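# Geometric and topological summary
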Amino acid sequence: QKSYESYRIENCLLRYLKGNIELIINIGGLCMYNKLLVPTDGSDYSKRAFEESKKIAQLTGAEVIVLHVVHNPSDYWAYNFSYGLGLNEETIEKLGQLAIEVTIGGSNNSVSISTKIRSGNPAAIILDEIKKENIDLVVIGSHGKGFVKDVLLGSISNRIVQLAPCPVLVTK
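Just so you know, these numbers come straight off a predicted model, no measurement behind them.

Parameters and conventions
- Counting starts from 1 at the beginning of each chain's written sequence and moves along it residue by residue.
- Confidence filtering applies because this is a predicted model: local features only for residues at pLDDT of at least 70, side-chain atom pairs given and counted only at 80 or more, and all residues used for totals across whole chains, interfaces and linings.
- No hydrogens and no water enter the side-chain calculation; it runs on all heavy atoms of the structure.
- By definition, any uninterrupted DSSP run of H or I lasting at least four residues is a helix, any uninterrupted run of E lasting at least two residues is a strand, and each is numbered from the N terminus.
- Here, expected helix span is obtained from the residue count minus one, scaled by 1.5 Å.
- Buried residues are those whose accessible area, probed at 1.4 Å on protein chains only, stays under 20% of the maximum for their type, while exposed residues exceed 50% and partly exposed ones sit between those limits.
- Values of pLDDT, ranging from 0 to 100, describe the predictor's confidence in every residue of the model.
- In what follows, a contact means two residues having at least one pair of non-hydrogen atoms within 4.5 Å.
- The axes used here are C-alpha line fits, helices contributing only the stretch in contact, and every angle between their N-to-C directions lies in the interval 0 to 180 degrees.
- Reported orientations rely on four angle classes, namely roughly parallel under 35 degrees, roughly antiparallel over 145, roughly perpendicular from 65 to 115, and oblique for the rest.
- Here a crossing is called left-handed whenever its near helix is offset anticlockwise from the far helix by less than a right angle, and right-handed whenever the offset is clockwise.
- Here, strands pair whenever DSSP counts at least two bridges between them.

Moving on, we get to helix α1 (residues 44-60). The terminal C-alpha atoms of α1 lie 25 Å apart, and with 17 residues this matches the ideal 24 Å at 1.5 Å per residue to within 8%. Every buried residue of α1 is listed here: S46, A49, F50, S53, K54, I56, A57 and T60. Note on α1: the residue one or two positions beyond its end, G61, has a positive phi of about 75°.

Rendered as structure tokens:
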């Protein structure tokens, strides 16, 4: 693995690797990506999306936000129709932490990483976070651990690609 020393000079990023200098000029004089969102369910696809986001963050200096959305039946239906299958806050937190730990693993902190855990409809929550956090790029796995993981593109990934107001990078 290459180890870079990076320096910011005005609107450029200067990378130094063992005597080689690479100058990266950001389009329009602005940093292309400041915030990256990586939705995760703990799958191998999510892990690969996270690794790709780290590479992009190292080049741009962007912050990586790792988001896990816990499916909670009571968030989809009225309480009477969920038959009391709702999850309490402690369970939601534990499930989210587990998925995030599996995704991030023993990641070195060469980039800024923050984590979030929410519950509800994953596609709706992800789209909400994109707007709320002013995300510049979503890096998402092509499939997850959902019910339709065997289709060409996962249902959540597909929904994000269609509705996100920012670019979406789908990894496989």
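A few words on the confidence of the model for the chain. Within the chain, residue pLDDT values average 76, and 65% of them lie at 70 or more. Counted against residues more than four places away or in other chains, residues 21-25, with its pLDDT under 50, gives 14 contacts. Segment residues 78-84: pLDDT under 50, and four contacts once partners within four positions in sequence are set aside and those in other chains are kept.

Moving on to the packing of α1 against helix α4 (residues 89-104). For the pair α1 and α4, the least separation of the axes is 8 Å and the interaxial angle reads 60°. The angle between the axes of α1 and α4 places the two elements in the oblique class. Crossing angle aside, the handedness with which α1 passes α4 is right-handed. Counting all contacts with α1, which are made through S46, K47 and F50, the residues of α4 involved are V102, T103 and I104.

The phi dihedral of N134 is positive, around 55°, even though this residue is not glycine. Tracing the backbone through its elements, the reader meets N134 in the loop between α5 (122-132) and β7 (137-141). For N134, a relative accessible area of 58% corresponds to the exposed category.

So, on to the sheet that holds strand β8 (residues 168-171). Read from one edge to the other, the open sheet built from five strands follows the order β6-β5-β4-β7-β8, with strand pairing classed as parallel. The open sheet has two edge strands with one neighbour each: β6 (112-119) and β8. Sheet twist, expressed as the average angle between the axes of neighbouring strands with direction ignored, equals 20°. Packing against the sheet, α1 makes contact with β4 (35-40), β5 (63-70), β6, β7 and β8, and its axis sits at approximately 170° to β4.

Moving on to the environment of L137. Locating L137 in the fold gives a position in strand β7. Overall, the relative accessible area of 4% leaves L137 in the buried class. Sequence-wise, L137 and N34 are 103 residues apart; in three dimensions their C-alpha atoms are separated by 8.5 Å. Non-local contacts of L137, meaning those with residues more than four positions away in its chain, are made with Y33, K35, L36, L37, I56, C166, P167, V168 and L169.

With that settled, the discussion passes to the packing of α5 against helix α6 (residues 155-163). Each pair of packed helices gets described by two things: the angle between the helix axes and the distance between those axes. Relative to each other, α5 and α6 sit at 35°, their axes nearing to 9 Å. For the element pair α5 and α6, the recorded crossing hand is right-handed. In contact with P122, A123, I126, L127 and I130 of α5, α6 contributes I156, R159, I160 and L163.

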